[in-house]
Amino acid sequence: MSFAPPRRPDGPPAARRRSPLLITVVILAVLVAALIFLATFWTEVLWFTEVGYANVIWTQWIARAVLFVVAFLLMGAAVFSSFTIGYRSRPVYAPSTPEQATLDQYREAVEPLRKLVTYAAPVVIGFFAGVAASSQWRTVMLALNGQSFGESDPEFGIDIGFYVFTLPVVRFAVSFLMAVVVISAIAAVVTHYLYGGLRIGSLPAGTPRTTTAARVHLAVLGAVLMVLIGANYWLDRYSILTNSNERYDGASYTDVHAVIPSKEILMGVALLVAALFVVAAFRDTWRLPAIGVGLMVVSAIAIGGIYPSIVQRFQVDPNAQSLEAPYIQRNIDATRDAFSIDDVESEPYEATTEVTEGQLRDDAETTASVRLLDPQVVSPSFRQLQQNKQFYNFTDNLAVDRYSIDGESRDTVIAVRELNLDGLADRNWTNDHTVYTHGFGVVAAYGNQPGPDGQPAFFEGGIPTQGALTDMFDGGYEPRIYFSPEAPEYSIVGAPEDSESWELDYQADDEGGRQVLYKFPTEETSAGPEIGTFLEKMLFALKFGDEQIFFSDRVTEESQILYERDPQERVAKVAPWLTLDNKVYPAVVDGRVKWIVDAYTTTDAYPYSTSAPMQEATTDSLTLAAQGVPVDLPPEVNYIRNSVKATVDAYDGTVTLYAWDAEDPLLQAWSQVFPASLQPMEKISGDLMAHVRYPEDMFKVQRTLLERYHVTDAIALFSGSDEWVTPDDPVASSETAASKQPPYYLTLQMPGQEDSSFSLTSTFIPGGNTDREILTGYLAADADAGSTTGEVAEGYGTLRLLELPRDSTVPGPGQVQNNFNSNPTISEQLNILGRGDSVVVRGNQLTLPVGGGLLYVQPVYIQSAEGTQFPLLRRVLVAFGDQTGYAETLDDALDQVFGGDSGAQAGDADEAETEVPTDVPTDEVEDPAAEPTAEPEPTETTEPSEPSDEPAAPTGDAQARLNAALADANEALTAGQEALEAGDWAAYGEAQERLQTALEQALAAEEELEG
């Protein structure tokens, strides 16, 4: 019996069955990847669509994608071509040499991976090139929408727009192409060497080192690289105009007469070498391009380096003042124009240091407006008196604004009552994200007038909100604060129509502490993306890493999720082309609470303008105390415009960008990139215009430049004999010591002005290596934009600079603070006030140009050393020249300085009443600075003593002596004030002597008590 082999079935073999488990894993992996992608990107689309700026994200993504693809294809194709050409043009028979024998081993090892490397390497390198190119989307979009500045540079006569818009993108393109050629050349060299097209070791006589194909390939790449290097040299000529030099920026005499010509020569050399590479492609020799490369290196050293150094050393340095003057003048003119300081109204100010009676009569309006409430000090007082509940809070740095109260513009310190989840005792997901969703209302106090017992005089506050701002609008304003700097990461609002409300507004003070609840009207108002569907819940649960979003019954079809709630972050996200001011401030506008954010267009490509390190220029004692800069700032700028005013609605998060400086070429370019993003300034309502102010960061940058560029003459700037600096903050804490004094918002009337206006002010002292701190300049920016719809007040933005005589003896802020601290009466009284359980807190030191000189005002607060701490205004320090005043009110302190009658009435001459309820009633607030009234205990004496006006040295124990001395000091203070008001200077002098003696006795008793 025979067995036939089994017949093979017809057709191809059956496919191997794939594992169901593997298929399931692959499908799940794809789904998870898709969900993560959607959670990352699609939620962004939903957010941008909800805020009305979908064009912003699509424009960014499309621009990035196009740049990525173009760069990926260029780099990938070039590298792939080098690999392919090198392999396909390899010699069939390579000379038999020891080097080739070694390479044979490498080729055998590489061959199995050759195809993988040929395709994978270009993809990987192209990917990184694409990522790098996509990051340049701003540069490319600006170039495609470039505008004319209407001004030409002084060297080449080219419009400034070329340097700002065109030059950066051309330099990027040349640099990118150079990278492509270099990486391609590396790939070509490696491939040709590995496969025998390029030989390095010893060869038989007459054997060429490269094959014809390799020679042509490498020569072409070399020629292209030389052309690109030549283009780079040509572009260097223009970039020199933004160079930074030791003393000033822009092209110097040496740059113009040596460096720029050398760049032109080197460009010619590079093109010559490129031609030599082309010749080498047709001739079997590398001698000519090698000589050319050597010539280019020597030329770069000799012409590009040595020659300019010789010109600088032997021609310019001995005659620097005369030769550099024209170029310094270019720098001055460009800098003043680029930073908008060319129209500064500068005038000499012969400031007097002498005081006379009635000296402030002509400055009565400024005197009445002097702000005594320090927004960086009184936040604890706002918390204690207006926080209402533990789940609300106020920021540490309050804002200064102005409101029209009873027809009068009043400087105001204002704060938003923000949500503070850290104050909750019971933290859970439901409370954190669905119940406690918003803050409630604003609190505002008069800036120039304290209330009872040194508290802020509130004219708006309480819960429910009440006061002048509430009464300003029919039905009040919308007090709910869903969007604020300290808002939680996200909240979910909205509920079905037939369900109960669960968002907490506040807890009423009626019997039982009834909770007042609110339901956000998501069917009428959009404040965040909808989150009601299964997919939306899934995506946002993944985005925030919180599964409760998916499972919670409070996430319904009517729900919206609110996130990106910081006003600055919202503006930065919808306008990534803007640089934002560090300060965002609230205002009650048109019946809503609006956050106002100033934004800038900047560049570092303005020819001849001096570069300013923006972060350094905007850093002062307040930003340091806030522990860092909260917004991203460009490292260097040499052009800045406050081109946009942005608002964020605190209720629904609406972001509105207003084109504030429509003439700015950068803004015009960006408005073409994002045509639907900007609203015209004409749409700014009169109510909003009344709260727009001159931006702080812009002012800080300008004052930094004016430290040098208040000088407009090139010779004077070159000598450096009149440089100024911004003084250090004299009341800075130890953590922020040696930091600049911040600018202050004040209502004042500058010398020569007919009316007072809301202004931003700063001072200058001598620069250079000196510790002498006298005042050299006073700068004020008109910060009042008016209150007309779509129309800016005529004087807004005007910079006024008072230049004091060069031999001025007017004390600067540091000297004034030293006078305050070293005055025996003031220091001893403050020591007494700060004894035991009390702490003295010095407020901001304000400077005002009044009375023909400079007046310094500093509020002094007292707070408890332990337990419940909040500062109360107790004293005011005043200085004019070398005269100092110290009293319970500014009005009295001014009278002390100006001969018993200053001629003007300060805002605190009459105590303001708090017009809204506070958490702590006035009659229950303990005065930490209250003087003891205990009478000294009687003691026996052996002989009667003659009566005397001098206080008797009390006897008995130390505490009794301290009480007696303080009582005597209090009597002496009262007597001194009465004598001052009566103009009895003899009695005033006697009272001061009695006060001095009593204070000395009190200090001695206190030292004895302290052991």
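First, a word on scope: everything that follows refers to the structure included in this document.

1. Observations regarding the overall build of the protein
At step 1: For the protein, the count of helices and strands is 28 helices and 29 strands.
At step 2: Evaluated residue by residue, the protein yields a buried proportion of 54% over its 1011 residues.
At step 3: Considering only contacts in the protein between residues 6 or more positions apart, those separated by 24 or more positions represent 71%.
At step 4: Carbon and sulfur atoms make up 53% of the accessible area of the protein, which amounts to about 45400 Å² in all.

2. Focus on the packing of aromatic side chains
At step 1: Summed over the entire model, instances satisfying the criterion amount to 44 aromatic pairs.
At step 2: With a centroid separation of 6.1 Å and 45° between ring planes, the pair formed by F149 and F165 is classed as tilted. Remark: F165 occurs in helix 6 (residues 160–194) and F149 occurs in the loop between helix 5 (137–144) and helix 6; sequence separation between them is 16 residues. Of the two residues, F149 and F165, neither departs from the other in class, the shared state being buried.
At step 3: Measuring from centroid to centroid gives 5.3 Å for F162 and Y163, while their planes differ by 80°, and the two rings are edge-to-face.
At step 4: Among the aromatic residues, those joined into a ring-pair cluster are F156, F162, Y163, W234 and Y238.
At step 5: Here K573 stacks its cationic end above the ring of W47, 4.5 Å away from the centre of that ring.
At step 6: The side chain of R693 reaches across the aromatic face of Y585, ending 3.7 Å from its centre.

3. Examining the pairing of strand 7 (residues 442–450)
At step 1: When you tally the buried positions in strand 7, you get nine out of nine residues, the bulk of the element.
At step 2: Sheet topology places strand 4 (residues 408–416) next to strand 7; five bridges connect them, and they run antiparallel. What sits directly across from V413, in strand 7, is A445.
At step 3: The antiparallel hairpin formed by strand 7 and strand 8 (residues 456–461) contains five residues in its connecting segment, where D453 sits at a positive phi of about 60°.

4. Re the nonpolar core
At step 1: Ranked by size, the top nonpolar core spans 141 residues in total, and within it F339, L469, I549, I561, W577, L657 and Y694 carry the most contacts.
At step 2: Sequence-distant contacts of Y694, that is, excluding residues within four places in its chain, are made with F699, Q702, Y745, L760, A781, D782, A783, Y796, G797 and L799.
At step 3: With 61 residues, the next largest nonpolar core counts L360, L398, F870 and V916 among its residues.

5. Structural notes on the pattern of salt bridges
At step 1: Under the counting rule described, the total for this entry stands at 29 salt bridges.
At step 2: Two residues, E155 and R330, come together in a salt bridge whose shortest N-O distance is 2.9 Å. With E155 in the loop between helix 5 and helix 6 and R330 in helix 10 (residues 320–338), this pair connects stretches of sequence that are 175 residues apart.
At step 3: Its relative accessible area of 24% is what places E155 among the partly exposed residues.
At step 4: Two residues, R800 and D782, come together in a salt bridge whose shortest N-O distance is 3.9 Å. Residue R800 is located in strand 24 (residues 799–803), and its partner D782 is located in strand 23 (residues 777–782); the two are separated by 18 residues in the primary sequence.
At step 5: The class for R800 is buried, based on a relative accessible area of 16%.
At step 6: Exposure remark for D782: the relative accessible area of 7% places this residue in the buried category.
At step 7: One salt-bridge network, held together by shared partners, links E44, K543, E564 and K573.

6. Quick word on the sheet that holds strand 18 (residues 655–659)
At step 1: Spatial ordering of the open sheet is given by 15-16-17-18-19, a layout of five strands whose pairing is mixed. Each of the sheet's edge strands pairs with one partner strand only, and the pair in question is strand 15 (579–589) and strand 19 (678–680). Neighbour-to-neighbour, the strand axes of the sheet open up by a mean angle of 35°, direction not taken into account.
At step 2: Here eight bridges tie strand 15 to strand 16 (residues 592–603), and the two strands are oriented antiparallel to one another. Paired with T579 across the bridge in strand 16 is Y600.

7. Thoughts on helix 25 (residues 824–833)
At step 1: Across the 10 residues of helix 25, seven count as buried, placing the element largely inside the fold.
At step 2: Those residues of helix 25 that sit buried are I826, S827, E828, Q829, L830, I832 and L833.
At step 3: Of the residues that open helix 25, the one with a side-chain oxygen 3.0 Å from the backbone nitrogen of T825 is N823.

8. Comments concerning the pairing of strand 13 (residues 515–518)
At step 1: Burial along strand 13 is one-sided: V516 and Y518 are buried, and none of Q515 and L517, which face the opposite way, are.
At step 2: For strand 12 (residues 503–507) and strand 13, the ladder comprises four bridges, and the chain directions are antiparallel. The partner of Y506 across the bridge, within strand 13, is V516.

9. Considering the environment of V416
At step 1: Of note, V416 is situated in strand 4.
At step 2: The class for V416 is buried, based on a relative accessible area of 4%.
At step 3: Between the C-alpha atoms of V416 and Y392, which are 24 residues apart in sequence, the distance is 9.5 Å.
At step 4: Once you skip the residues sitting within four places of it in the chain, V416 turns out to touch N393, F394, G441, V442, I481, P586, V593 and W595.

10. Remarks on the sheet that holds strand 3 (residues 399–405)
Where strands meet in a sheet, backbone hydrogen bonds hold them as pairs that are either parallel or antiparallel.
At step 1: Within the open sheet, the five strands sit side by side as 3-4-7-8-9. Their pairing is antiparallel. In this open sheet, the two edge strands, each paired with only one partner strand, are strand 3 and strand 9 (466–467).
At step 2: Along the sheet, helix 12 (residues 379–386) contacts strand 4, strand 7 and strand 8; its crossing angle with strand 8, the most-contacted strand, is approximately 55°.

Procedures and definitions
Residues numbered from 1 in each chain as written. Predicted model: local features only at pLDDT ≥ 70, side-chain atom pairs only at ≥ 80, totals over all residues. Heavy atoms only, no water. Helix = DSSP H or I, 4+ residues; strand = E, 2+ residues; numbered from the N terminus. Buried < 20%, exposed > 50% of the residue type's maximum accessible area, 1.4 Å probe, protein only. Contact = heavy atoms within 4.5 Å. Areas by Shrake-Rupley, 256 points an atom, 1.4 Å probe, with all protein chains shown as cover. Phe/Tyr/Trp six-rings, centres within 6.5 Å; stacked < 30°, edge-to-face > 60°. Lys NZ or Arg CZ within 6 Å of the ring centre and 35° of its normal. Pairing = 2+ DSSP bridges. Core = buried A, V, L, I, M, F, W, Y, C linked by side-chain atoms within 4.5 Å. Salt bridge = Lys/Arg side-chain N within 4 Å of Asp/Glu carboxyl O. Axes fitted to C-alpha atoms, helices over the stretch in contact; angles between N-to-C directions. Polar contact = N/O pair within 3.5 Å; in protein donor to acceptor, adjacent residues only side chain to side chain.

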